[in-house]
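Topology and contacts: notes
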Amino acid sequence: MGTTVVIGGGGTTGRRVAARLAARGEAVRLASRRSPVRFDWDDRGTWAPVLRGATSAYIAYAPDLAVPGADAAVGDLAGLAARTGVRRLVLLSGRGEEGARRAEAALRAAGAEWTILRCAWFAQNFSEGHLLEPLLAGELALPVGDVPEPFVDVDDVADVAVAALTGDGHGGRVHELTGPRALTFAGAVDEIARAAGRELRFATVPMDAFTAGLEGAGTPPDVVRLMRHLFTEVLDGRNARPTDGVRRAIGREARDFGAFARDAAAAGAWRAPAGRPLPA
């Protein structure tokens, strides 16, 4: 048994992957800006210490593979990993993103055994990501209309990642991971409202108004550019078709968005913080 490095170990997928590996008794090394062995994509001096002695690595690039230069960073890290003895690499990727395709190609060229997890939008974006705060306020407004998306449950992604890191039969494969059905964002908000037992609204807003709101809230310019890219180029219907990638990878069906919403609501995802009542 070797050590698995989880790059992005404090992120949405990374912490789930690390917890599952630890529960199996695997040796895990978390790699993030806050981990004991610090890792920073922008500080290449932190890369080698994180990889030293590892035999496999899960790679989640932040903030997104669509960011310019992400492919070069992933390729350089993967190459360094292969040269230092990391035999197996698993990359978190996204559907329909040209930047993600370039990063995937860079990973494949590194020389280690590779697996790519090409994912739909995460269901957990509504419960613990950037869509949570608007939902707590009662309305989610986005620059997207009736484009369906087969939101994938991050727990499914983590299960596939662990299977690829620890088992055989995943090398050289692209697992395209989605939920079992596609929903519009308005439909997803309706399901969350039913699960949470409260009124929630969805509104479509113009892109310029959306980005102006982000800028007014102090969102960094690179994140604003990323949001514009995702909502204009990725959410154009190209990814609307669900896949059976979860079943092909681990032998069970993908989790439905409705089940995610019910469990997240029961866990208090859309409950008001102490002293802050939710709108009716």
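The structure under discussion appears in the preceding block.
Residues numbered from 1 in each chain as written. Predicted model: local features only at pLDDT ≥ 70, side-chain atom pairs only at ≥ 80, totals over all residues. Heavy atoms only, no water.

1. Quick notes on the pairing of strand β1 (residues 3–7)
By the criterion of burial, β1 is predominantly enclosed, with 5 of the 5 residues buried. Side-chain alternation along β1 places Thr3, Val5 and Ile7 on one buried face and Thr4 and Val6 on a second face that is also buried. Pairing of β1 with strand β2 (residues 27–31), which is carried by 5 bridges, proceeds in the parallel orientation. Within β2, the residue paired with Thr4 across the bridge is Val28. Taken together, the 5 bridges between β1 and strand β3 (residues 54–59) define a ladder with parallel strand orientation. (Buried < 20%, exposed > 50% of the residue type's maximum accessible area, 1.4 Å probe, protein only. Helix = DSSP H or I, 4+ residues; strand = E, 2+ residues; numbered from the N terminus. Pairing = 2+ DSSP bridges.)

2. Topic: the environment of Ala269
Structurally, Ala269 is set in the segment after α11 (257–266). Sequence separation between Ala269 and Thr3 is 266 residues, and the spatial gap between their C-alpha atoms is 33 Å.

3. Some details on the nonpolar core
Residues Phe126, Phe151, Phe185, Phe231, Phe257 and Trp270 are the most contacted members of the largest nonpolar core, which totals 37 residues. Counting only elements with at least two residues in this core, the list comes to α5 (132–137), β6 (139–142), α7 (185–196), α8 (207–216), α9 (221–234) and α11. Of all the elements, α9 adds the most residues to this core, at 6 residues. Ignoring any residue separated from it by four or fewer positions in sequence, one finds Phe231 in contact with Trp121, Leu142, Pro143, Val144, Met207 and Phe210. Phe39, Val50, Ala57 and Ile116 belong to the second largest nonpolar core, which has 30 residues in total. (Core = buried A, V, L, I, M, F, W, Y, C linked by side-chain atoms within 4.5 Å. Contact = heavy atoms within 4.5 Å.)

4. So, the packing of aromatic side chains
Centre-to-centre distance and the angle between the planes together describe a pair of aromatic rings. Overall, the coordinates contain 15 aromatic pairs when judged by the stated rule. Ring centres of Phe151 and Phe185 lie 5.2 Å apart, and the angle between their planes is 90°; this geometry places the pair in the edge-to-face category. Note that Phe151 is positioned in the loop between β6 and α6 (154–166) and Phe185 in helix α7, a separation of 34 residues in sequence. Given the relative accessible area of 2%, Phe151 is considered buried. Ring geometry for Phe210 versus Phe231: centroids 5.5 Å apart, planes at 75°, classification edge-to-face. With Phe210 in helix α8 and Phe231 in helix α9, this pair connects stretches of sequence that are 21 residues apart. Using a relative accessible area of 11% as the deciding quantity, one classes Phe210 as buried. Site record: aromatic cluster; members linked through ring pairs are Trp121, Phe126, Phe151, Phe185, Phe210, Phe231, Phe257, Phe260 and Trp270. The positively charged end of Arg108 is found above the aromatic ring belonging to Trp114, 5.6 Å away from the centroid. (Phe/Tyr/Trp six-rings, centres within 6.5 Å; stacked < 30°, edge-to-face > 60°. Lys NZ or Arg CZ within 6 Å of the ring centre and 35° of its normal.)

Honestly, it's all geometry; don't read function into it.
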